[in-house]
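# Examination of the molecular architecture
Residues per chain are reported as follows:
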Amino acid sequence: MTVAMARTTAGVYDRLFRPGQVHRDLYVDPQLFELEMRDLFGRTWVYVGHETEIPKPNDFVTRNLGRRPIILCRTTAGEIAVLINRCPHRGAVVCRSARGNAGGFTCGYHAWSFANDGRCAGLPLRHAYGEGFRLRDHDMARPARVASYRGFVFASMIADVPPLDEHLAGARRYIDQWLDRDDRKPVLVNNGVMRFRTHANWKTVYDNAGDGYHPPFSHESMLRVFAARYGDVDMKYFTADVDDSAMEAIDLGNGHTMLDQRPAMHAVSAWERQHVMPGREILEQRLFERFGAERGRQMLDASTGSGMNLNIFPNLLIIGNQVQRVDPLAVDETVIDWFSTSLAGAPDEINAARMRLQEDFPSFGEVDDSANFEACQAGLALVPELEWVDISRHLTTGRGRRGADGLWHEPVTSDRHMRAYFEAWKALMDAGSAARLREGGGR
Amino acid sequence: MNAHPAVPFSLDHYAALHDLVRSWRNLGEIPEERLPAPADGAACARLLAAEARLLDAGRLADWLALFTADCAYWLPTDVTGEDPAKFVAWEFNDRRRLEERVERLATGRAYSQAPPTRTVHLLSGLEMLTDGPDGMQVLANFLIQTNFAGRVGQRAGWTGYLLRRQHGRWRIALKRINLFDADLPQDNNSFTL
């Protein structure tokens, strides 16, 4: 690369953005996807998993960090650790199980073995490596930074990132609110995962998570069935001009956003708004018998969907009662892991109700979202002459305002969510390409 | 398990379902005393053949008529037989939610099934165990050949059925569809398995 080109690299991604529009290459260019895995997922805090997924010493789960295979484990000493799941010897993936309990990991190729904090514990026939060989030079690698916020574990491949609390910015108070519903029983993320594969770019998923415009249209089939059976229930409040409602879209900084449905969903009683699900009557009856109707309903309200879409860039979505991890596999292939949650110490009826409630939207709504992600991917990929995607809602209406909380609030159908995260996207990608040029890594 | 059925979808019912799945997972050869009378076995096999045929023809209203009022259609996310009161399923539908599912697909706005997934349901290796005088448990492997908008696919696994004789006709009280890869990423399963 010439010096002249290097000088202009800071603006290499400028061509992808126009006011209120983004370029299709962001969704369909395989080279750009490779760069995202390096410069975006490799250079910021990425959500790995929740500490309650691995409650006991030696518990582990395997994950990806922008495609890099990693192990999230609780060490024998009880500490949270993240390991790059790659043998330092020949590069083989070491642990090949999705989850388990193990004091260490042994590579299947030459049996190099590692403690679950990554320390090299031994290897066969060591003498052939000579006198100077030291085990400690052959530990499994770890991301440069690992940190948790109230059980949510994040990792960064580079050390030069702001502290996690600072990175989460305005999202922290909403994580707190999501965790501290009702009487603050601890939320457990250990009740099964729905793993949806969608043949679309990972950003179509992130786009949708903060999209307050699509519900009455994408989810018309679901809303129509429930309205016909049960009247004004669920998200029927979206079938009006919701920009005049108390719901709103909030820019939390660093690409994180919040779509707040609580003013509508939780205005009176979320449980009463919730249409029936299997066991509704008997579980409600048993709870009311034990705790009285008022307290019983409070507990049920706090276990109905949260009314929050909390989007933490680039790969954590906290929606309803679920925690979603967005896992990019290829430019046009993404896995969305929906982790279900329960409440520690809650009555069994509450957690049984939570399971059935958490099956509702995925099978009645997410399936249509996923089909629309795939439809977007097809349209963007197949028509090279048409290059631009619109993200302009409420760009020019002047209806945004700075709230008393210091955050920027917009009407709920605003595309501020997309504009905000693409700004974070560009800052990270520009910094990444500049850093690789400095380090001489080139493209 | 249906001698004294618990209130559907109560904690007792979940416990009974959990036990039933465990018994299927631990089943060896079927004990002699639980082999069905030939006429009952043939009637149950006919019911499941009709079920597959109605699904493949997209006749979901007719398909629903094969289920009892207290039925469950259960598609777990795990392959380890977890407790349904504590573990989320891909789908765990009672009769109401199953009807709502069929109604959704009929709205013309169910974009996940536009166009509808075409299927061919194949069942093989049927094993039957009596469950009281009017109950039958059926285990069978399934293969579903699919085509969604030109994309060919397959789904595979085993199904556990609990059938019940009502007014002389066999009906489906439970259909538990055990995808062999239910815990791994799944494509669009919004058609009816």
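Here the structure is a predicted model, which means the values were calculated and not measured.

## Details of the overall build of chain A
Broken down by element type, chain A carries 15 helices and 24 strands. Here chain A has a C-alpha radius of gyration of 23 Å; the compact-globule value for 443 residues is 22 Å, and the two agree. For chain A, the C-alpha atoms occupy an extent of roughly 75 × 60 × 40 Å along the three principal directions. Burial status across chain A gives 58% buried among its 443 residues. Expressed as a percentage of contacts within chain A between residues at least 6 apart in sequence, the contacts between residues at least 24 apart total 67%. Counting only carbon and sulfur atoms, one obtains 51% of the accessible surface of chain A, whose full area is about 17900 Å². Charge centroids of chain A, computed over 53 positive and 59 negative side chains, lie 5 Å from each other.

## Let's talk about the layout of surface pockets
All names here are of chain A. If you add up the space inside the largest pocket, you get close to 690 Å³. Looking at which element gives the most residues to the lining of the largest pocket, the answer is strand β4 (residues 59-65), with 4 residues. Summarising the domain contributions, the lining of the largest pocket has at least three residues from each of domain 1 (46-148) and domain 2 (169-427). Estimated volume of the second largest pocket: approximately 500 Å³. D207, N208, D211, H214 and C376 are, among the 20 residues lining the second largest pocket, the residues nearest its centre. Contributing elements (two or more residues each) for the lining of the second largest pocket: α6 (202-209), α7 (215-218), α14 (360-382) and β22 (388-390). Here the lining of the second largest pocket gets 5 residues from one element, more than from any other, and that element is α14. Residues of the lining of the second largest pocket, tallied by class, amount to 9 nonpolar, 5 polar and 6 charged.

## Considering the pattern of salt bridges
In the structure shown here, the tally under the stated rule is 53 salt bridges over all chains. R356 of chain A serves as the salt-bridge partner of E359 of chain A, at 2.8 Å between the closest nitrogen and oxygen. In this structure, E359 of chain A and R356 of chain A share a single accessibility class: buried. For D94 of chain B, the salt bridge goes to R96 of chain B, with nearest N and O atoms at 3.5 Å. Sharing partners across several salt bridges, the network here consists of R229 of chain A together with R95, E99, E100 and E103 of chain B.

## With respect to the packing of helix α8 (residues 220-230) of chain A against α14 of chain A
Residue and element names in this part refer to chain A. In the contact formed by α8 and α14, the axes pass within 8 Å of each other and the chain directions differ by 140 degrees. Relative to α14, α8 is oriented oblique. Contact with α8, carried on its side by S221, M222 and F226, involves D360, F361, F364, G365 and D368 of α14 and no other residues of that element. Residue classes in the contact of α8 with α14 are distributed as 4 nonpolar, 2 polar and 2 charged.

## As for empty space enclosed by the protein
Applying the stated criterion across every chain, the model contains 6 cavities of 30 Å³ or more. The calculated volume of the largest cavity comes to roughly 700 Å³. Here the lining of the largest cavity takes 6 residues from α14 of chain A, the largest share from any one element. Within the lining of the largest cavity, the residues separate by chemical class into 19 nonpolar, 17 polar and 6 charged. Estimated volume of the second largest cavity: approximately 180 Å³. Along the wall of the second largest cavity there are 16 residues; nearest its centre are F196 and V367 of chain A together with D187, N188 and N189 of chain B. The set of elements that each furnish at least two residues to the lining of the second largest cavity consists of β14 (193-198) and α14 of chain A together with β2 (89-94) of chain B. The element best represented in the lining of the second largest cavity is α14 of chain A, accounting for 6 residues. For the lining of the second largest cavity, the residue count by class is 6 nonpolar, 6 polar and 4 charged.

## Description of the interface of chain A and chain B
With 47 residues of chain A at the interface, the matching set in chain B holds 37 residues. With both chains or domains summed, chain A and chain B bury close to 3600 Å², and 55% of this area falls on carbon and sulfur atoms. Seen at the junction of chain A and chain B, the total is 10 salt bridges. The residue D360 of chain A makes a salt bridge to R97 of chain B at a minimum N-O spacing of 3.0 Å. The interface formed by chain A and chain B holds 24 residue pairs in polar contact (both at pLDDT 80 or more) in total.

Reading the values: the criteria
- Residues numbered from 1 in each chain as written.
- Chains lettered and ligands numbered in written order.
- Predicted model: local features only at pLDDT ≥ 70, side-chain atom pairs only at ≥ 80, totals over all residues.
- Heavy atoms only, no water.
- Helix = DSSP H or I, 4+ residues; strand = E, 2+ residues; numbered from the N terminus.
- Rg over C-alpha atoms; globule rule 2.2 N^0.38 Å.
- Buried < 20%, exposed > 50% of the residue type's maximum accessible area, 1.4 Å probe, protein only.
- Contact = heavy atoms within 4.5 Å.
- Areas by Shrake-Rupley, 256 points an atom, 1.4 Å probe, with all protein chains shown as cover.
- Lys, Arg positive; Asp, Glu negative; His and termini not counted.
- Charge placed at Lys NZ, Arg CZ, Asp CG, Glu CD.
- 1 Å grid on protein atoms, 1.4 Å probe; cavity = no way out; pocket = protein on both sides within 12 Å on 5 of 7 lines; lining within 4 Å.
- Points joined across faces, edges and corners; volume = space filled by probe spheres on them.
- Domains from an automatic or database assignment.
- Nonpolar A, V, L, I, M, F, W, Y, C, P; charged D, E, K, R; others polar.
- Salt bridge = Lys/Arg side-chain N within 4 Å of Asp/Glu carboxyl O.
- Axes fitted to C-alpha atoms, helices over the stretch in contact; angles between N-to-C directions.
- Parallel < 35°, antiparallel > 145°, perpendicular 65-115°, else oblique.
- Buried area = accessible area lost by both parts, 1.4 Å probe.
- Polar contact = N/O pair within 3.5 Å; in protein donor to acceptor, adjacent residues only side chain to side chain.

Interpretation in functional terms is not warranted from these geometric data alone.
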